[in-house]
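Chain and residue survey
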Amino acid sequence: MPYVDRIAEPWGTRTPYGPGEPWPVRVDSFLESGLRAQDVERWVQSATILHSNGDGLDIAVKDGRVVGVRGRAQDRVNHGRLGPKDLYGWQAANAPDRLVRPLVRENGRLVETDWDTAMDRVAGHARELLDEHGPSAIGFYTTGQLFLEEYYTLALIAHGGIGTNHLDGNTRLCTATAAAALKESFGCDGQPGSYTDVDHADVIALYGHNVAETQTVLWARILDRLAGPNPPALVCVDPRETPVSRAAAVHLANRPGTNVALMNGLLHEILANGWIDERYVREHVVGFEELEKRVRDFTVEEAARICDVPADALREAARLIGTARRLLSTVLQGFYQAHQATAAAVQVNNVHLVRGMLGRPGCGVLQMNGQPTAQNTRECGADGDLPGFRNWSNDAHVRDLARVWNVDPMDIPHYAPPTHAMQMFRYAEEGSIRFLYVTGTNPAVSLPELARIRSILSQERLFLVVQDIFLTETAQLADVVLPAATWAEKTGTFTNADRTVHLSDKAVEPPGEARPDLDIFLDLARRLDLRDKDGAPLVKWSDAEGAFEAWKECSRGRPCDYSGLSYARLRGSGGVQWPCDDGHPEGTERLYAGGRFWSAPDYCEGYGRDLVTGAPLSDIEYKALNPDGKAIIKAAEYVPPHEEPDGDFPFWLTTGRTIYHFHTRTKTARAPQLQRAAPEPWVEMSPGDAARLGFAEGDLLEVATARGAVRARLRVTSMRDGVIFLPFHYGYWDRPDGAGPGDSPGRAANELTITDWDPASKQPVFKTAAARVSLVMASSGTPSPAPTTAASRPVSADVPATAGGADAQAEEVM
Ligand SMILES: Nc1nc2c(c(=O)[nH]1)N[C@H]1C(S)=C(S)[C@@H](COP(=O)(O)OP(=O)(O)OC[C@H]3O[C@@H](n4cnc5c(=O)[nH]c(N)nc54)[C@H](O)[C@@H]3O)O[C@H]1N2
Ligand SMILES: Nc1nc2c(c(=O)[nH]1)N[C@H]1C(S)=C(S)[C@@H](COP(=O)(O)OP(=O)(O)OC[C@H]3O[C@@H](n4cnc5c(=O)[nH]c(N)nc54)[C@H](O)[C@@H]3O)O[C@H]1N2
Ligand SMILES: [Mo]
C-alpha cells in the first residue's frame, strides 16, 4: 500500500481510466499519529464538509474521540478518495478553544452563562421586537454548512412562525448565482449534470473554477481521465494560471470582469459555424432568436479585444466546445462573484442548449456549489426562497406550503422577493432590522468592505446572536454567543453539488455544553411559543430524523423530491441523487433527459428576472415567453464592471482560495498540517509587473483600494499582467502580532472589496476591484510562505517546496 505526503501531493496517486470505464477505487485514510486501523473502536458513516464535493467517508472513533477518517470505497462520488482538508481538517473539532458554554454580554464584556439565561435573552428580545416593531425587525443570516434538517427547521421558524422575509444564507456569497442561472435557463434550481459525466466527456470546460484546489477529488477524477486512454480536452477560463490551466488544451486568461464578452464571443463562433442541434432547439427551447441576434455581430475579434485574449485561442476553444460529442461544463466563483454573474453563467447553459447537450452521459452542466450543504440551504428555503423550490410569486405554491405547515398562507411572507443578505445588512445599518441571528458563518471576515460590516455589527441598537463553534471575529461582536455542536457530534443529511444525498451520523458527544444547531432552533421555537393555525406547536418534530421525515413530505412532488429516501435507506449506501421517489427509487443520475424540464408556468420555481436590472418578471410575462415549459435561452450584452483600474488604482484585484484552507480558517488553521502548509497571507503578481515595479519574491507589500489596505508578502506567479490575487482566508483571530479587526495594517482581503452585487442573483462582487500596490519592506531573500503546489506556484526555482514533513497517508488502490 503506497504512503503519500498529501500536503506535497494533494491529489495523490493516479489511477488512470478510459471513457465509459468505471473509475478505479482508491481508499485514502489518516489516523492520529501512532494509531493503526485495528486500534479504531468504531467507524461511523459520513461525508466530507470543507467543500461541496460530498465525498463519502467513515469517521474513526476511539475512547469517545474522533481519531481519523477513511474514504468510503463504495461511495458514488469519491470511490474512496479524500482531499487534504478532509484528511486533516477534522482535528479542529478537538481544539482546546472550542466554545463550550453560552456567553452573554454584560457591561460590554462576554461572560459565560447557562443555556436558560442565554436562550431567554434571545427569545425575550425577539418577542419584544415582534410586539413593538413586527416581524421585519428580525433577520436570520445562516450558512451552507449546517444540515438539511436544520435549515428546514429554521425556514419554518422564520417564514412560517415569525413571519419575517429577512432570511438568507451566506450561500448568497457562494451559490446564489448557481440557483439564479438554473432558474433562468430551466425554470428551476437543480443540477442538470452528474459527476459521472467526467467518465464520459470528451471536452470539459471550466469557467472561473479552480477545481484542482476547491474540489480536489473531482479534479483527481479528471486527472485520472487525463492519464488514461482517449483523454478529454480541457478548456480553462481564468485570469490566473492554476493547476487547471496547466492541464488545459486551451487557457483563456481573460481580463477580470469580462466573462459575458468571452461567452458571447464563443457563442458567436459556435452559431456562425452551425455547431447547433437544430432539432433540439426547435423542440425543447425558447429564446434562440434573441441569442442569434445578440451575438451575430459580436465578432471573436471584438471579444478578444475586450477580454484581452488572443482571437485564435478563443476560436480554438469554440471549436473544441462546438465540436465536442460529449461536453461537460463547470462554473464557479470566477463567474459567480462578478457584476454580470447570472448573465455569464446563463451563457454556459446556453451553450448546452444550442448544442443539445443535456441529460445524456458526458453531457452535463455543473453550476457548482461551494459549501458542503449549500444545496440544502436552497432546497429548504433558508436562502429566502420557499422550501421545495416553490415559487414565492405563485399564490398556489404559497397555499400549498401553508397546507404542509398548517398555517395561514397570509402568514408566509410573499409580498416581495425575499430579502438578500446584502440588503439585510443595509437594513441593519439603517436600523430597521434590530435583531440579527447569525448561524455558521463569519461575516466579519467574509463579507465585502469589512470596515462597514464591523460598524454595522457593533451598533448598540442591533441585538446580535452568533451560533458558532469558535469565538470568531463575528462572535466577538455578539450580544449572545451560542456554542454549537458540529459534524461528527450530531446527525443529519446533506446534499452535494451533483444532488447526492448523504447521511452523517453522530460519532461522538459534543464538548462541554455545546448543542446541535437543530436542538438550539427547536429550543428557540419553544420559547417563542410558535403555533400553527390550530394552536398546536408549529414545529412538530424533536429530532433530526423527525425533521427529515417532515421534509420528505414538504418535498413530495417537487423537483427535489426526497420522498423515496429515509435514514435507513441512506445508512450503508454510497449516496443517492435526488429526485428519489416512487418513480425513481434508486434516485436520478441526470436531469432533463429527453428535453423535459420543470419549467411549466404553474410548476416552475421562478418566472425569471431581467438580467440587466434584476427586475422579476410577472407570471403573465413568463407565460407569454414559455407557455409550454421548455428550456429558456436568455441572451445578455456585456457591460464593464462598475469599478475599473485607473491612474490611482492601476491593478485588478481578485480574491479567492488556496487548496489547504477553508474560508476564514476556523477549522483549517486548527489542523497543524494545513496551517503549516499556508501559514500567512500573500499577494500574487505577474513577473512582468513585479519587474516593472522593482518588487521581488517575498517583499512585504501594501495593497490598497478606495476602502482599505492590507499587508501581505509577494509571491511572483505566472498570472496575467495587471492582476493581483489575495487569498481571503486570513482574518484576525490568530494574527501573530495580536492586532485585531480594524487595527492598521489590515490583513483580511475583504478590507478591500467593494459593496456591489449582481443584479439578478444579488451575489456580491468579490472578483474585481481597482487596487494599488506599494512596497513596505524588501524581503532580503526570504520567499513568501505561499504554497508551491497549486495556483500560487512560484516562478522562481529557489523557493522551497511545500511539504507535510513526516506525514504520509495511506492510499489503498484496489
Ligand atoms: N481549498 C478550498 N476549497 C474550497 C473552499 C475553500 O475555502 N478552500 N471553499 C468552497 C466554497 S464555499 C466555494 S464557493 C468554492 C469556490 O471554488 P472556486 O470558484 O474554484 O474558487 P475561487 O478561488 O474563489 O475562484 C476560482 C477562480 O476564479 C478566478 N477568477 C477571478 N476573477 C475571474 C474572472 O473575472 N473571470 C474568470 N473566468 N475567473 C476569475 C480566480 O483566479 C480563481 O482561480 O470552493 C469550495 N472549496
Ligand atoms: N474576498 C472574498 N470573500 C469571500 C469569497 C471570496 O472568494 N473572496 N467567497 C465567499 C464564499 S463563496 C463563501 S461560501 C463565504 C464563506 O464565508 P463564511 O461562511 O463566513 O466562512 P467560514 O469560515 O466557513 O464560516 C463558517 C463559520 O461556521 C462555523 N461552523 C462550522 N461548523 C459549524 C456548525 O456545525 N454549526 C455552527 N453553528 N457553526 C459552525 C465556523 O467555525 C465558522 O465560524 O465567503 C465569501 N467571501
Ligand atoms: Mo462558497
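Conventions used here
Residues numbered from 1 in each chain as written. Chains lettered and ligands numbered in written order. Predicted model: local features only at pLDDT ≥ 70, side-chain atom pairs only at ≥ 80, totals over all residues. Heavy atoms only, no water. Buried < 20%, exposed > 50% of the residue type's maximum accessible area, 1.4 Å probe, protein only. Helix = DSSP H or I, 4+ residues; strand = E, 2+ residues; numbered from the N terminus. Arc of directions from axis to C-beta. Domains from an automatic or database assignment. Contact = heavy atoms within 4.5 Å. Buried area = accessible area lost by both parts, 1.4 Å probe. Near = heavy atom within 4 Å. Polar contact = N/O pair within 3.5 Å; in protein donor to acceptor, adjacent residues only side chain to side chain. Areas by Shrake-Rupley, 256 points an atom, 1.4 Å probe, with all protein chains shown as cover. Nonpolar A, V, L, I, M, F, W, Y, C, P; charged D, E, K, R; others polar. Lys, Arg positive; Asp, Glu negative; His and termini not counted. Salt bridge = Lys/Arg side-chain N within 4 Å of Asp/Glu carboxyl O. Core = buried A, V, L, I, M, F, W, Y, C linked by side-chain atoms within 4.5 Å. Pairing = 2+ DSSP bridges.

Moving on: helix 11 (residues 288-296). Residues of helix 11 that are buried include every one of Phe 288, Leu 291 and Val 295, and no others. Projected down its long axis, helix 11 carries its buried residues within an arc of 60°, all on one side. More than 90 degrees from the buried face of helix 11, the exposed residues found are Glu 289, Lys 293 and Arg 296.

So, about the domain arrangement of the chain. When its domains are assigned, the chain resolves into domain 1 (103-174 + 373-444 + 462-595), domain 2 (182-368 + 598-632) and domain 3 (651-813). Placing the centre of domain 1 and that of domain 2 at their C-alpha centroids yields a distance of 31 Å. Contacts between the two partners involve 29 residues from domain 1, matched on the other side by 36 residues from domain 2. In terms of surface lost to domain 2, no three residues of domain 1 exceed Ala 497, Arg 590 and Tyr 592, which account for 28% of the buried area on that side.

Time to look at the site of ligand 2. Lining the immediate environment of ligand 2, one finds 35 residues, of which Asn 170, Ser 446, Asp 468, Thr 664 and Asn 750 sit closest. Here Gln 467 contributes a backbone N or O atom positioned 3.0 Å from a nitrogen atom of ligand 2. With respect to ligand 2, the side chain of Lys 667 contributes an N or O atom lying 3.3 Å from a nitrogen atom. Isolated, ligand 2 exposes 910 Å² of accessible area, and the fraction of that covered by the protein chains is 99%. Every element with two or more residues in the shell around ligand 2 is listed here: helix 4 (171-174), strand 17 (463-468) and strand 23 (651-656). Of the residues that constitute the shell around ligand 2, the class distribution is ten nonpolar, 19 polar and six charged. A domain-level breakdown of the shell around ligand 2 finds at least three residues from each of domain 1 (103-174 + 373-444 + 462-595) and domain 3 (651-813).

Our next topic: the side chain of Glu 379. Structurally, Glu 379 is set in helix 16 (residues 374-379). Salt bridges are absent for the buried Glu 379, whose nearest opposite-charge side chain, Arg 378, sits at 7.4 Å. Residues contacting Glu 379, with those up to four places away along its chain left out, are Leu 148, Leu 386, Pro 387, Gly 388, Phe 389, Thr 495, Trp 551, Cys 560, Tyr 562 and Trp 578.

Tyr 207 and Tyr 437 are the most contacted members of the largest nonpolar core, which totals 190 residues. Of the residues forming this core, the biggest block, nine residues, is contributed by helix 3 (residues 148-162). Apart from residues no more than four positions distant in its own chain, Tyr 437 is found in contact with Val 122, Gly 139, Phe 140, Tyr 141, Val 465, Gln 467, Leu 482, Ile 520, Phe 521 and Leu 524. In terms of nonpolar packing, the next biggest core, distinct from the first, is built from 28 residues, Leu 103, Val 445, Ile 453 and Ala 478 among them.

The next point concerns the sheet that holds strand 19 (residues 492-495). With antiparallel pairing, the three strands of this open sheet are ordered in space as 19-20-21. Of all strands in the sheet, those bounded by a partner on one side alone are strand 19 and strand 21 (576-577). Of the strand pairs in this sheet, strand 19 and strand 20 (residues 500-504) are connected by four bridges, and their pairing is antiparallel. Residue pairing across strands places Phe 494 opposite His 502, the latter belonging to strand 20.

Sheet strands pair by backbone hydrogen bonding; their relative direction is either parallel or antiparallel. The six strands are arranged 1-29-2-5-4-3 in an open sheet whose pairing can be described as antiparallel. The outermost strands of the open sheet, each flanked by one partner alone, are strand 1 (3-4) and strand 3 (42-47).

So, about the pattern of salt bridges. Overall, the coordinates contain 63 salt bridges when judged by the stated rule. Across the salt bridge formed by Lys 62 and Asp 63, the nearest N and O atoms sit 3.3 Å from each other. Residue Lys 62 is classed as partly exposed on the basis of its relative accessible area of 22%. Notably, a salt bridge pairs Glu 106 with Arg 121, separated by 2.5 Å at the nearest N-O pair. A residue pair is termed long-range when its members are at least 10 positions apart, and Glu 106 in strand 6 (residues 103-106) and Arg 121 in helix 2 (residues 115-133) qualify at 15 residues. Given the relative accessible area of 34%, Glu 106 is considered partly exposed. Residue classification places Arg 121 among the partly exposed positions, given a relative accessible area of 29%. Through salt bridges that share partners, Asp 116, Asp 120, Arg 515, Asp 523 and Arg 527 make up one connected network.

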